[in-house]
Amino acid sequence: MKRLLLCSTLFVLVFFLGNRGAHAQAQSKTIVQGRVTDQDKKPVRGVTVAEIDKEQRIIRAVTTDVDGNFAIRIDNNNDSLTFSHIGIETVIQPIGNRAVFNITMRTREAVLAGVVVVSQRKTDNGLLPVNERDLTTSVAKISAKELEEMQAASIDQALQGRLPGVDITANSGDPGAGMQIRIRGTSSINSTNDPLIVVDGMPYETQIPSDFNFGTADELGYASLLNIAPTDIRDITILKDAAATAVWGSRAANGVVVINTKRGVVSKPVISYTFKGSITKQPEAIPMLTGDQYSTLIPEEYMNRNGTPLNTQTIKEFQYDPNDPYWYYNYSNNTDWVDAITQVGFTHDHNISMTGGGEKARYYASLGYLKQKGTTIGTDLDRISTRINLDYIVSNRIKFRTDLSFSYTNNHRSYADNLREVAYKKMPNMSIYEYDEFGNQTPNYFSPASNIQGQFSGIDDKNKIIGTVNPVAMAKEGLSNIITERVTPHFNLQYDIIKKTLVTVFDVQFDINNTKNKSFLPQIATGRPTTETYVNRAYDGDVDVFNVQTKTSLIYTPHLKNEKHDLMSSLIFFTYDNKSVSQEARTSNTASSLLQDPSVPSRTQNADLALVANSYQTRSLGATWSTQYGYLDRYIINVGLRGDGHSRFGPAHRYALFPSVSTRYRISGEPFMDQFKKWLDDLSLRVSYGQSGNAPRRDYTFYSIYGNFDWSYLGQAGVYPSNLELKNLKWETIVGQNLGLNVIMFKNRINLDIDLYKNRTKNLFFYGLQISSFTGFNGVDMNVGTMDNQGWEIGLNTTPYKKGDWRVDFNFNIAHNENIIREISEFYPTEKGNISANGQYKTFMQVNNPFGSFYGFRYLGVYSDKDATLARGASGKPIIGPNGQQVYMRFNYPNVDYIFQPGDAMYEDINHDGNINYMDVVYLGNGNPEFTGGFGASVTFKENLKLTAFFNYRYDYDVVNGTKMATTNMYGYDNQSTAVLRRWRKEGDVTDIPRALFQSGYNWLGSDRYVEDASFLRFRSMTVRYTLPKKMVDGLKMKNLSGYITVENLFTWTKYTGQDPEVSTRGADPFRVAVDNSMTPPIKMLTLGLTASF
Amino acid sequence: MKLQKNILLGFVWFCCAICFSSCKKYLELKPTDGIIRQNFWKTKEQVQAAVFGCYASLLGAPAGISDRPLSEYFFLWGELRADMLSPSFGITAPELDFMNVNILPTNNITNWRSVYRTINYCNTVIDYAPEVLSNDKTFTDEALAAYVAEATTLRALMYFYLVRTFRDVPLKLTSTSSDDQLEQLAKSTAAEVLDQIVTDLNDSEAALPLTYNDQAADKGRITRYTLNALQADVYLWMEKYPEAITACDKIINSGKFGLIPGSSTWFNTVFANGNSYESIFEFQFDRQKLNSFYTLFRTNPHFTASNIVYEDVFAADGQNDLKDLRFDGAAARANDGLIWKYIGIDNATLRAQGESFAHWFVYRYPDILLMKAEALAKTGKGQDALDIVYRIRSRASALPDTDRPGITANDTEGILDFILEERSREFAYEGKRWFDLLRHAKRDNYKRLDLLLTMVSKTVPPDRQQSAIAKFKDKNSHYLPIYQYEIQTDKNLEQNPFYK
């Protein structure tokens, strides 16, 4: 199929090229000669003198000698001669019957001096460049210039908070961690919500096979844009409404990010060097208990459960007996575990690029090196990236481009993702290094196989430690390394079938992405006995992805005689073929911690160890027809139709059609608006409607696949049906509607975009929808309903002051979004959360109501004494039982029937029945922000000094402070924050923190105690940049030199008491509650940068 | 120029036509590393592999699904609410709630998912194995019938666990293999489920082989004796005593089973090694598939032996050197109360974690004997019943303190209580205690509800005692609630009234 397309296109080209040749006219060979001088009458040496035909193809060329003389034999008198030299304006003259050409050429500076540049901004949806003023759809654009000061390893980090309706949040602060990009909220309940990334006109793969173990919680996080160096980027355009994304088909349903990299321009070679260096520091975290305070808390907590004291004779962790030096020294410390795994991070990023070119060939080449060291010990990232973009103009009918990029990343991560969390919870009286039985410190990590706090019991499927470990041993000795090599050659050939009217473009892009993942868990990191399979566990995994995409476009732009009409039409075919092959080997118990590869003799037979190989292939086909018609520059309409076929659907639902229509009405172009012309540049209204389809995430789901159990029974293999055959899975269709307004005033000084949108997702995918278990399966992928995702966004760019040397720019964006379920499958649960269990909130999914509201109890403090626990009726008088006895407050009678004790948390008895149960649950808040956005200003003085500041904000949303919950619940052996020093301890204590209660009680039910308004305003970044004045630069024989300083995350204004109010609600679960589990505020960063070009 | 344009357009359309006609094939991709259903069910080896898949699922959930293994559920369901465990420091909140008779529909131990998973595997074999007859000419009707009978009996065993634990449950007798077969099933009553079990067992009996000519396979796969053992158990539960006796006699008269004499190697032979002469059906954990009991009982013990085990069950007060063979170093380790049955390699030595593959014992020969004794006592053959009990006791050198010397052959209730006590010693921690207590309590229209009330008054902490006793007085509370997820995903399921 691919080959077919390739062949056919080549055939077309050969056919027409041949045709051209046949049309060439009769030749008459003559010789012409002449002299080239500059405006000062001095001869110019080295000027290229070429005979070119009508299509600008070079027939023959010579160069001028020292005296500026040349002679050239001419093939055809109808051709022209061109005289070109770098830095000098090109001269073209028809040959005709002239035999002598004495040419005077002017240097380019002289030319440019008197020219006023009139240009129009063009925006590329990746397929067709359209003048920005004629756009019928909603887009947001940002040029890399605006981002270059940010110390971001990848561009998604740099885009954070800059564009209205584009929400980008970090998955974690560690090097190599990815970002989550959401354009206009989430359109899908739990399928992939990541936008399609298009680089230089071709889709860029950001996903890796979902079942490959990357040793990371969020494989999407890994498959980031790390492989594109931010310095190579020219501009980024984000397509937001469905009419804009519809042409990209199935993978574009969540928006499209179009990235264009830099290309060569006609100039002398320019070499640029950019340096960015920064240091990062973990800010002060929440204060945790010291070892001494902890050792007081735990026995008390245990005692409170049922009056049985913790036996410190056998539980020696709390014995504190100097006569038993081994236990005494190892468990009498005040260790700050978090500090022990924290370091100062740094980043340095070097990029060198060369660009230039002549009339026919242009180039851009770059080489970058990034080194990043994380703030957690053992995390770092190295990246080498290179890119070569070549343009060759064969004739004015044929052009080709070759883009080649290669990147190599080497990322060391923590062995488990929750290491920092483990460190927070780790018992502080334990020692980092082991003391021997005489009380002398040894250099060995103190990693007991288990102690009262528990033991290491494995890594869960989210790559988190189950149980506990010595965090320092884990950070320093656990190895996890991901190495990626990615080569992306992209070839593009453009041929004008009818000059400037009918153009065909053929693109083919190969993407070879090889990833190697190695990890090793030595015995000392966990302390587990050597008989267990988590000891010396070696892992090695490889995934090789080979991806071929082609795009064949026919673009028709007739030059209509009647200038009132404007027409452009295109027909584009896409093919996509992605194949991934992975292999993983996991073994354990190698003979030594130094033998870290699974290939060394080690244990393999247990079911938790594995030798796995997988292979997946996905294919899709697409065709897009789209036409844009404009009348009088006022009425513009764009109509499109996209057809898609995808291999992930069963035969019944494989193909689908998605139409789109969008229009723009330029009110300012109407004659009656002439009166405002002085100050109104543009006033337009945009309306659009579009559909696009989403394909499911997994391959082959319409087959029931029989798998093997990982173990045998009585030595024989067992086979089982591993999934349901999905006969009914259909395309998830997003129907987008957008109403937009563009206002440009005062010669571009004020630029306002307002958009109102509604995206309706029909046949919502839901992966692993829990189904009744009598079917034998856990879940099924299903189309479960209809969801609306609606909101508005405003973007404002202004230049309020511009006079003399001073210029002030100000921009502002604000957006609002909400998700509403309109229809839902009967299999879909309607509520979640068990209100009678600690730490959970109740959420409901109500049709026609926005998501995000959560419910729970109202917290009133702590019962200070026995009297306070008396049940009281509405009047405040105690309730008397049927036998006249006193009744005390109960929890969840009759199912649980716990009687509240003094020191327990007090919840409001809403219905005054003396029983705290589901009837006392009230509305507590909503986790969706009312507004999100950002604003920034920049001040420029004489083009040399520039100060920019950027802020982002979210307003009015409620967050569950999960950190507070986890650090004050006093429910287990985990370390707690110093707030628990205020806890209730004896009858009569009046406080807001209940008594410590080991693994029992109801002291941390989901209540408003943990709910806070997390509205914030963050001073995201500030940059001072100084560019050396032209004269000084010239003196240094340089083209450009500038330096800057950026500070990030300077300050956050918020009433929120937790660490970081910017909580990203992961996934799109309608039952999601925004929970903040962060233990530290966002990392502060100082960056120094330098750019020099020669 | 015009001509050129036409040629071009013609060519483009030609290309399109070719593209679209080849689309269909281009987009048809099949997995290269798994067998799809359409290609399975072709040979008798595949049928066998599918049957072994049913067995393999007894040991744990397949890859990608994190769940307790069935044996752990069976242990928790059979022991947590009874009186032989005491919470230890590794206990989790759901487990503790169970022990304190504070069971809610959100407690994840009430999740029956893994039982139905195995049921679906069995149903798949029952539904699709007959297809193979037409594809594989070497596959005989007898072989097919035997495989189907194995799957049916295993399914019956699963339903028997469900009906004893949840009472009314959805009865799913066909397989689910595609998303258009999804339905919302209502519960069937306990009587309907039990009737189905009886029918399945009666239908399968003739087809099952008596032996697979391999000691391990005879104990690890379902034979006709396994079916008889299950029949006896089901009939006892249904209070059909003569039928129970008949089923037990089929095993006893076969002469293939017996009691292994009590000696210092008894524990090692029966429990540590497994597949002994006195075993009938065991889940075959092995070195590559370990059981989950090591973490439950050893590394961070969730439970230890309760005081009742020391004082009442075995009366091991140690005034002389007499020892019940089944207690110290068998059921538990006396000095620290560790549950020893699954973590000891012999009377005194612990298994290493990597060696933790003790089998799960579903039926052993003493069970058959004591079941028969129970049925005999109920049918007026008290002396025969007592003889059996003393046979079991003498094998294990039971202590005199646990004897009931005053019991006469006519004292039916006394004999039944004695059998119940003997079962607690013989099958300590084999997941049978709660079901035994409940069977005795509910027989003859809950004549012996007092058994449960007395039991709970001893096990639950004082501050929860009254509420626990009050709960147990309601018969509905003896069965678990339906897990919350099931209620949410199946609108036709009705919660057990006690937990509404």
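Reading the values: the criteria
- Residues numbered from 1 in each chain as written.
- Chains lettered and ligands numbered in written order.
- Predicted model: local features only at pLDDT ≥ 70, side-chain atom pairs only at ≥ 80, totals over all residues.
- Heavy atoms only, no water.
- Pairing = 2+ DSSP bridges.
- Helix = DSSP H or I, 4+ residues; strand = E, 2+ residues; numbered from the N terminus.
- Salt bridge = Lys/Arg side-chain N within 4 Å of Asp/Glu carboxyl O.
- Buried < 20%, exposed > 50% of the residue type's maximum accessible area, 1.4 Å probe, protein only.
- Axes fitted to C-alpha atoms, helices over the stretch in contact; angles between N-to-C directions.
- Parallel < 35°, antiparallel > 145°, perpendicular 65-115°, else oblique.
- Left-handed = near helix turned anticlockwise from the far one by under 90°.
- Contact = heavy atoms within 4.5 Å.
- Buried area = accessible area lost by both parts, 1.4 Å probe.
- Polar contact = N/O pair within 3.5 Å; in protein donor to acceptor, adjacent residues only side chain to side chain.
- Nonpolar A, V, L, I, M, F, W, Y, C, P; charged D, E, K, R; others polar.
- Expected span 1.5 Å × (residues − 1).
- Patch = residues over 30% accessible without salt bridge, like charges linked within 9 Å, V, L, I, M, F, W, Y side chains within 5 Å.
- Areas by Shrake-Rupley, 256 points an atom, 1.4 Å probe, with all protein chains shown as cover.
- Lys, Arg positive; Asp, Glu negative; His and termini not counted.
- Charge placed at Lys NZ, Arg CZ, Asp CG, Glu CD.
- pLDDT = per-residue confidence, 0-100.
- Phe/Tyr/Trp six-rings, centres within 6.5 Å; stacked < 30°, edge-to-face > 60°.
- Lys NZ or Arg CZ within 6 Å of the ring centre and 35° of its normal.

**Describing the sheet that holds strand E26 (residues 465-467) of chain A**
Two strands in a sheet stick together by hydrogen bonds in their backbones, pointing the same way (parallel) or opposite ways (antiparallel).
Here is step 1: If you walk across this open sheet you meet the three strands as E24-E25-E26 (chain A), and the pairing is antiparallel. Here the strands that pair on one side only, and so sit at the sheet edges, are strand E24 (450-451) and E26 of chain A.

**Side note on the pattern of salt bridges**
Here is step 1: Applying the stated criterion across every chain, the model contains 83 salt bridges over all chains.
Here is step 2: Among the salt bridges present, the one from A:Arg528 reaches A:Glu532, with a minimum N-O distance of 2.6 Å. Across the pair, A:Glu532 and A:Arg528 agree in class, each one buried.
Here is step 3: Through salt bridges with shared partners, one network takes in B:Glu278, B:Asp324, B:Arg326, B:Lys341, B:Arg364, B:Arg393, B:Arg395, B:Glu422, B:Arg425, B:Glu426 and B:Glu430.

**As for the packing of helix H6 (residues 141-166) of chain B against helix H7 (residues 190-205) of chain B**
Residues and elements named next belong to chain B.
Here is step 1: Between H6 and H7, whose axes approach to 9 Å, the crossing angle comes to 155°. In terms of their interaxial angle, H6 and H7 are classed as roughly antiparallel. Crossing of H6 against H7: the hand is left-handed. Every residue of H7 that contacts H6 at Ala 149, Thr 152, Thr 153, Arg 155, Ala 156, Tyr 159, Phe 160 and Val 163 is listed here: Ala 190, Val 193, Leu 194, Gln 196, Ile 197, Asp 200, Leu 201 and Ser 204.

**Overview of unusual backbone geometry**
Here is step 1: The phi dihedral of A:Tyr320 is positive, around 50°, even though this residue is not glycine.
Here is step 2: The residue A:Tyr320 is located in the loop between helix H6 (291-306) and helix H7 (325-330) in this model.
Here is step 3: Accessibility expressed as a relative area gives 28% for A:Tyr320, which makes it partly exposed.
Here is step 4: Even without a glycine there, the phi angle at B:Ser397 is positive, about 40°.
Here is step 5: Inspection of the secondary structure assignment puts B:Ser397 in the loop between helix H15 (382-395) and helix H16 (412-426).
Here is step 6: Residue classification places B:Ser397 among the partly exposed residues on the basis of a relative accessible area of 37%.

**Points about the environment of A:Gly1035**
Here is step 1: Mapped onto the elements, A:Gly1035 comes out in helix H13 (residues 1030-1035).
Here is step 2: In the structure, A:Gly1035 is positioned 586 residues away from A:Ala449 in sequence and 68 Å away in space, judged by C-alpha atoms.

**Considering the sheet that holds strand E58 (residues 1075-1076) of chain A**
Here is step 1: Spatially, E55-E54-E58 (chain A) is the arrangement adopted by the three strands of the open sheet, whose pairing is mixed. Either end of the sheet is taken by a strand with one partner, and the two such strands are strand E55 (1011-1013) and E58 of chain A.

**Describing the interface of chain A and chain B**
Here is step 1: Listed as interface residues are 99 residues of chain A and, on the opposing side, 98 residues of chain B.
Here is step 2: The three residues of chain A that bury the most area against chain B are A:Tyr706, A:Tyr713 and A:Phe774, which together make up 11% of that side's buried surface.
Here is step 3: At the boundary of chain A and chain B, one finds three salt bridges.
Here is step 4: Between A:Lys727 and B:Asp180 there is a salt bridge whose closest N-O contact spans 3.9 Å.
Here is step 5: Inspection of the chain A/chain B interface yields 27 residue pairs in polar contact (both at pLDDT 80 or more).
Here is step 6: Looking at side-chain class alone, the side of chain A that touches chain B contains 49 nonpolar, 34 polar and 16 charged residues.
Here is step 7: Sheet topology places strand E35 (residues 705-713) of chain A next to strand E1 (residues 35-36) of chain B; two bridges connect them, and they run antiparallel. Pairing of A:Tyr706 across the sheet is with B:Ile35, part of E1(B).

**Overview of the environment of A:Arg57**
Residue and element names in this part refer to chain A.
Here is step 1: Topologically, Arg 57 is positioned in the loop between strand E2 (48-52) and strand E3 (58-63).
Here is step 2: The exposure class assigned to Arg 57 is partly exposed, which follows from its relative accessible area of 26%.
Here is step 3: A C-alpha to C-alpha distance of 4.2 Å links Arg 57 and Ser 395, two positions 338 residues apart in sequence.

**With respect to the pairing of strand E25 (residues 454-459) of chain A**
Residues and elements named next belong to chain A.
Here is step 1: Burial within E25 is extensive, with five of its six residues counted as buried.
Here is step 2: Sheet analysis places E24 next to E25, joined by two bridges and oriented antiparallel. Paired with Asn 451 across the strands is Gly 454, a residue of E25.
Here is step 3: Here E24 hands over to E25 after two residues, the two strands then running antiparallel side by side.
Here is step 4: Pairing analysis gives two bridges linking E25 to E26, with the strands arranged antiparallel. Paired with Ile 459 across the two strands is Ile 465, which belongs to E26.
Here is step 5: In this structure, the hairpin formed by E25 and E26 is closed by a connection of five residues, where Asn 463 is found at a positive phi of approximately 60°.

**Points about H15(B)**
Residue and element names in this part refer to chain B.
Here is step 1: Helix length check: H15 (14 residues) gives 20 Å between terminal C-alpha atoms against 20 Å at 1.5 Å per residue, within 8%.
Here is step 2: Listed in full, the buried residues belonging to H15 are Gly 382, Ala 385, Leu 386, Ile 388, Val 389, Ile 392, Arg 393 and Arg 395.
Here is step 3: Where H15 is buried, its residues meet helix H11 (266-273), strand E5 (360-364), helix H14 (365-378) and H16.
Here is step 4: Of the residues one or two after H15, Ser 397 is the one with positive phi, at around 40°.

**Thoughts on a nonpolar patch on the surface**
Here is step 1: Taken together, the side chains of A:Ile271, A:Ile352, A:Met354, A:Leu367, A:Tyr369, A:Ile384 and A:Phe1094 make up a nonpolar region of the molecular surface, amounting to roughly 570 Å² of accessible area.
Here is step 2: Among the secondary structure elements, A:Ile352 is positioned in strand E18 (residues 345-357).

**Some thoughts on a positive patch on the surface**
Residues and elements named next belong to chain A.
Here is step 1: A surface patch of positive charge is lined by Lys 54, Lys 399, Lys 499 and Lys 500.
Here is step 2: By secondary structure assignment, the location of Lys 499 is in the loop between strand E27 (479-498) and strand E28 (502-521).
Here is step 3: On the accessibility criterion, Lys 499 (35% relative accessible area) is partly exposed.

**Quick word on the side chain of A:Thr261**
All names here are of chain A.
Here is step 1: Residue placement: Thr 261 occurs in strand E16 (residues 256-261).
Here is step 2: In this structure the side chain of Thr 261 is engaged in a polar contact, spanning 2.6 Å, whose partner is the side chain of Asp 200.
Here is step 3: One polar contact links Thr 261 to Asn 389, side chain to side chain, over a distance of 3.0 Å.

**Section: the confidence of the model for chain A**
Residue and element names in this part refer to chain A.
Here is step 1: Scored by pLDDT, chain A has a mean of 82; 87% of the residues are at 70 or more.
Here is step 2: Looking over chain A, one finds the lowest element-wise mean pLDDT in helix H4 (residues 219-222), namely 40, and the highest in strand E22 (residues 433-435), namely 94.
Here is step 3: Here residues 214-223 is modelled with pLDDT under 50, and outside its nearest four sequence neighbours on either side it reaches 35 contacts, counting other chains as well.

**Observations concerning the packing of aromatic side chains**
Aromatic ring pairs are reported here in terms of the distance separating the ring centres and the angle at which the planes meet.
Here is step 1: Across all of its chains, the model carries 91 aromatic pairs over all chains by this definition.
Here is step 2: Between A:Phe709 and B:Tyr121 the ring centres are 6.2 Å apart and the planes differ by 85°, which places this aromatic pair in the edge-to-face class. Of this pair, A:Phe709 sits in strand E35 while B:Tyr121 sits in helix H5 (residues 113-135), placing the two residues on different chains. Pair check on accessibility: A:Phe709 and B:Tyr121 agree, each one buried.
Here is step 3: Over the face of the ring belonging to A:Tyr204 we find A:Arg486, whose NZ or CZ atom lies 4.0 Å from the ring centre.

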